[in-house]
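# What the coordinates show
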Amino acid sequence: MSDAAVEIIVRGVVVLDGKLLVCHTKGASNTYLPGGHIDFGEGARAALEREISEEMGLSASVNAFLGACEHSFVQAGMPHHEINLVFAMDVEGLDATCQPESKEDYIEFFWHELDDLPNSELEPEPLRHRIKEWVADSGRPERWAAASRPESR
């Protein structure tokens, strides 16, 4: 058994004018959806709203749960395992004709054609094929439920 923790990540999907908002670490070729780690005791939607505020300085409205994606990889010689919870979201003030500003100096945002995702370097890789399906099916009944019970059992 490994001592490594499973990371729980929340990611947001913003599609405007057929373009998907993506993020990447400066100098890296791969991209990922905006978002980040869920803090202990924090709900997934609240975490995504917080991450967008921290990363972009903008307000986000988190909408329907789209799906989940498991991802194992090695980065800088260290193994990682994450569960990505993916939600549709709206972010106030975005325009698909302008590259959004980043409030964090190590990342940058840009738009990627939704129809070209299979040919992108979006990680985790299965999202390259699922996001378009999930967005098209986002009107389905909500499939996410969360309970917060701070009291001990």
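It should be noted that the structure appears before, not after, this text.
Because the structure is a prediction, the values reported are computed rather than measured. (Residues numbered from 1 in each chain as written. Predicted model: local features only at pLDDT ≥ 70, side-chain atom pairs only at ≥ 80, totals over all residues. Heavy atoms only, no water.)

### Structural notes on the overall build of the protein
Looking only at helices and strands, the protein has 2 helices and 7 strands in total. Going from the N terminus to the C terminus, the protein shows its helices and strands as β-β-β-β-α-β-β-β-α. Evaluated residue by residue, the protein yields a buried proportion of 39% over its 153 residues. Total accessible area on the protein is roughly 8900 Å²; 49% of this is exposed by carbon and sulfur atoms. (Helix = DSSP H or I, 4+ residues; strand = E, 2+ residues; numbered from the N terminus. Buried < 20%, exposed > 50% of the residue type's maximum accessible area, 1.4 Å probe, protein only. Areas by Shrake-Rupley, 256 points an atom, 1.4 Å probe, with all protein chains shown as cover.)

### Concerning the side chain of His24
Looking at where His24 falls in the secondary structure, it is placed in strand 3 (residues 19-25). The exposure class assigned to His24 is buried, which follows from its relative accessible area of 10%. At a separation of 2.8 Å, a polar atom in the side chain of His24 contacts the main-chain carbonyl oxygen of Ala28. Only 2.8 Å separates the side chain of His24 from the side chain of Glu108, close enough to count as a polar contact. Apart from residues no more than four positions distant in its own chain, His24 is found in contact with Asn30, Thr31, Tyr32, Tyr106, Ile107, Glu108 and Phe110. (Polar contact = N/O pair within 3.5 Å; in protein donor to acceptor, adjacent residues only side chain to side chain. Contact = heavy atoms within 4.5 Å.)

### Observations regarding the layout of surface pockets
By volume, the largest pocket amounts to about 570 Å³. What lines the largest pocket is a set of 22 residues, and nearest its centre among them are Arg11, Tyr32, Phe73, Gln75 and Glu82. Counting only elements with at least two residues in the lining of the largest pocket, the list comes to strand 1 (6-13), strand 4 (35-37), helix 1 (44-56), strand 5 (60-75) and strand 6 (78-91). (1 Å grid on protein atoms, 1.4 Å probe; cavity = no way out; pocket = protein on both sides within 12 Å on 5 of 7 lines; lining within 4 Å. Points joined across faces, edges and corners; volume = space filled by probe spheres on them.)

### What to know about the packing of aromatic side chains
Taken as a whole and assessed by the stated rule, the structure comprises 1 aromatic pair. Consider the rings of Phe65 and Phe87, whose centres lie 5.3 Å apart with planes at 65°: the pair is edge-to-face. Of this pair, Phe65 sits in strand 5 while Phe87 is found in strand 6, placing the two residues 22 residues apart along the sequence. (Phe/Tyr/Trp six-rings, centres within 6.5 Å; stacked < 30°, edge-to-face > 60°.)

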